[in-house]
Amino acid sequence: MRYFIFSKNDKRSSEAKKILNDNLLKLEFEEDENNPELVFTIGGDGTLLRAIHKYIYKLEQVSFIGIHSGKLGFYCDYTIDEIDALVDDLKRQDYKIEKIHLLQAQVENEIYYGLNEIRIESPFTTFRCLIKIDNQNFEHFRGNGLNFATTFGSTAYNRSLGGPVIENNLECIVMQEVAGINHNIYHSLNSPLVLEKSHQITLEGSFKRAVIGFDHRYHELNDDVNSLTILLSERCVQFIRMRQVAYFERLKRSFITD
Ligand code: NAD
C-alpha cells in the first residue's frame, strides 16, 4: 500500500508522524508522496483540508484517515495517543469507505472545489448579485457575501454564520448570507436555505473586489467576471472509516460542554 503522512510541524505531531511511519514500514507499506493510495493527516480539521487540497486532482485514487494532535478535530477518528490502535485496525483491514461530495464553483473556465464550503465575499464594498436557482430568478442579494456549505462543512464557517448543522448522510447545499443588507427598500430571504443536492445556483452581477473562498484557499475574482455557478460536484473525497464514530458523538466532543 502506498501512503503519505501529511503532518503539522509541531513537536507532538512530528513525533507521532515518526511512530506511525515506523509502524507502516514494518507493515511493508511504501511511502509515496506523489501517488499515495492512503493519506494519514496529523493535526486538526485544517490539516485534513490542506491534505485534501494537496491531492485535489487525484482524489479518485486517494483515501484519507485523520489523526488529531490538538484539541479540535471534528473529522479525525484517532488521536495521536491512539497510533497503536490505528495500526491494529489497519492490520485487520476491516473498514468502510465514506465518500463525501465536494462543492464546485465554475467561474469562466476555472473550477474551484471546496469540501467545507465555497464563499463569495466582498467585505469592504457591498456585493450585489442576482441569485438564480436552476436558472430561475430567486432574489437580489446585497451584503458582504454568500456562503455555500456542504453537510460536511455545516459545522465550520456555516455554523459561525448561524447556519444549520446538518447530519452528514444528508446530501444538500446550505446557502447562507454573510451580513445581508435587509431593510424596507432591499429585502432578501435573510435566512439559511437548505437546497436538495441536484440544484444549481448561479450568481449574476459584478464581482469587482470580490474574493472566492474554497475551504482555506481563496482567489480574487477578475473585474470582468459577471456570473458564476455553484453545484454539488460528482467528485468525492474518500475517508477510510475503521472505527464507527457516531455523528452525534463528533458533535458532542467538539461543541458541547456539560
Ligand atoms: P483553520 O484550519 O484555522 O480552522 C478554523 C476552525 O474551523 C478550526 O477551529 C477548525 O477545527 C474548524 N473547522 C474546519 N473545518 C471544520 C469542519 N468541517 N467542522 C467543524 N469544524 C471545522 O482555518 P482556515 O485554515 O482558515 O480555514 C479552514 C476552514 O476553517 C474553512 O473551510 C472554514 O470553514 C473554517 N473557518 C471558520 C471561520 C469561522 O467560523 N468564523 C473562519 C475561518 C475559517
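Residues numbered from 1 in each chain as written. Predicted model: local features only at pLDDT ≥ 70, side-chain atom pairs only at ≥ 80, totals over all residues. Heavy atoms only, no water.

1. Description of the nonpolar core
Alright, step 1. With 27 residues, the main nonpolar core has Ile120, Leu146, Phe148, Leu203 and Phe207 as its most contacted residues.
Alright, step 2. Elements supplying a minimum of two residues to this core: strand 6 (96-107), strand 8 (117-121), strand 9 (127-133), strand 10 (136-149), strand 11 (172-180), strand 13 (200-205), strand 14 (211-214) and strand 16 (227-241).
Alright, step 3. A total of four residues in this core trace back to one element, the largest contributor, which is strand 9.
Alright, step 4. Within the second largest apolar cluster, 23 residues are counted, among which are Leu48, Leu59, Phe74 and Tyr247. (Core = buried A, V, L, I, M, F, W, Y, C linked by side-chain atoms within 4.5 Å. Buried < 20%, exposed > 50% of the residue type's maximum accessible area, 1.4 Å probe, protein only. Helix = DSSP H or I, 4+ residues; strand = E, 2+ residues; numbered from the N terminus.)

2. Thoughts on the packing of helix 1 (residues 11-26) against helix 3 (residues 83-92)
Alright, step 1. At a minimum axis distance of 10 Å, the contact between helix 1 and helix 3 shows a crossing angle of 25°. In terms of axis orientation, helix 1 runs roughly parallel to helix 3. Classified by chirality, the crossing of helix 3 by helix 1 is right-handed. Residues Ala16, Ile19, Leu20, Asn23 and Leu24 of helix 1 form the contact with helix 3, whose participating residues are Ile83, Leu86, Val87 and Leu90.
Alright, step 2. Here the contact of helix 1 with helix 3 is built from residues that sort into eight nonpolar, one polar and no charged. (Axes fitted to C-alpha atoms, helices over the stretch in contact; angles between N-to-C directions. Parallel < 35°, antiparallel > 145°, perpendicular 65-115°, else oblique. Left-handed = near helix turned anticlockwise from the far one by under 90°. Contact = heavy atoms within 4.5 Å. Nonpolar A, V, L, I, M, F, W, Y, C, P; charged D, E, K, R; others polar.)

3. Details of the side chain of Gln104
Alright, step 1. Turning to its location among the elements, Gln104 is positioned in strand 6.
Alright, step 2. Classification of Gln104 by relative accessible area gives buried; the value is 14%.
Alright, step 3. Ignoring any residue separated from it by four or fewer positions in sequence, one finds Gln104 in contact with Ile111, Tyr112, Tyr113, Ile118, Thr229, Ile230, Leu231 and Ser233.

4. What about the site of the ligand?
Alright, step 1. By nearness alone, 16 residues border the ligand, and Arg50, Asn116, Glu117, Thr155 and Ser160 come closest of all.
Alright, step 2. Asp45 places a polar side-chain atom, nitrogen or oxygen, 3.1 Å from an oxygen atom of the ligand.
Alright, step 3. One nitrogen or oxygen atom from the side chain of Ser160 is found 2.4 Å from an oxygen atom belonging to the ligand.
Alright, step 4. Expressed as a share of its isolated accessible area of 760 Å², the protein-covered part of the ligand is 66%.
Alright, step 5. Counting only elements with at least two residues in the shell around the ligand, the list comes to helix 2 (45-54) and helix 4 (157-160).
Alright, step 6. In terms of residue count, the dominant contributor to the shell around the ligand is helix 2 (four residues).
Alright, step 7. Residues of the shell around the ligand, tallied by class, amount to seven nonpolar, five polar and four charged. (Near = heavy atom within 4 Å. Polar contact = N/O pair within 3.5 Å; in protein donor to acceptor, adjacent residues only side chain to side chain. Areas by Shrake-Rupley, 256 points an atom, 1.4 Å probe, with all protein chains shown as cover.)

5. Things to note about the layout of surface pockets
Alright, step 1. Estimated volume of the largest pocket: approximately 410 Å³.
Alright, step 2. Glu98, Ile100, Asn168, Asn169 and Arg241 are the residues nearest the centre of the largest pocket, which is lined by 22 residues in total.
Alright, step 3. The element that contributes the greatest number of residues to the lining of the largest pocket is strand 6, accounting for six residues.
Alright, step 4. Here the residues of the lining of the largest pocket are counted per class, giving eight nonpolar, six polar and eight charged. (1 Å grid on protein atoms, 1.4 Å probe; cavity = no way out; pocket = protein on both sides within 12 Å on 5 of 7 lines; lining within 4 Å. Points joined across faces, edges and corners; volume = space filled by probe spheres on them.)

6. Observations regarding empty space enclosed by the protein
Alright, step 1. Tallying each qualifying case throughout the model produces one cavity of 30 Å³ or more.
Alright, step 2. Each pocket or cavity is described by its volume, and for the largest cavity that value is around 30 Å³.
Alright, step 3. Lining the largest cavity we find Glu139, Met175, Gln176, Glu177, Leu189, Asn190 and Ser191.
Alright, step 4. Counting residues per element, the lining of the largest cavity draws most heavily on strand 11, at three residues.
Alright, step 5. Partitioning the lining of the largest cavity into residue classes produces two nonpolar, three polar and two charged.

7. Some details on the environment of Glu33
Alright, step 1. Tracing the sequence through the fold places Glu33 in the loop between strand 2 (30-31) and strand 3 (38-43).
Alright, step 2. Residue classification places Glu33 among the partly exposed positions, given a relative accessible area of 39%.
Alright, step 3. C-alpha separation for the pair Glu33 and Phe255, spaced 222 residues apart in sequence, amounts to 34 Å.
Alright, step 4. Here Glu33 is in contact with Phe4, Lys54 and Tyr55, once residues within four sequence places are set aside.
Alright, step 5. Among the polar contacts made by the side chain of Glu33, one reaches the side chain of Lys54 at a distance of 2.7 Å.

8. A word on unusual backbone geometry
Note: most residues except glycine have negative phi, and most peptide bonds are trans.
Alright, step 1. Although it is not a glycine, Asp134 sits at a positive phi angle of roughly 50°.
Alright, step 2. Among the structural elements, Asp134 can be located in the loop between strand 9 and strand 10.
Alright, step 3. A positive phi is found at Arg209, a non-glycine position, where the angle reads about 65°.
Alright, step 4. Counting through the fold element by element, Arg209 comes out in the loop between strand 13 and strand 14.
Alright, step 5. Looking at Arg209, the relative accessible area reads 58%, which means it is exposed.

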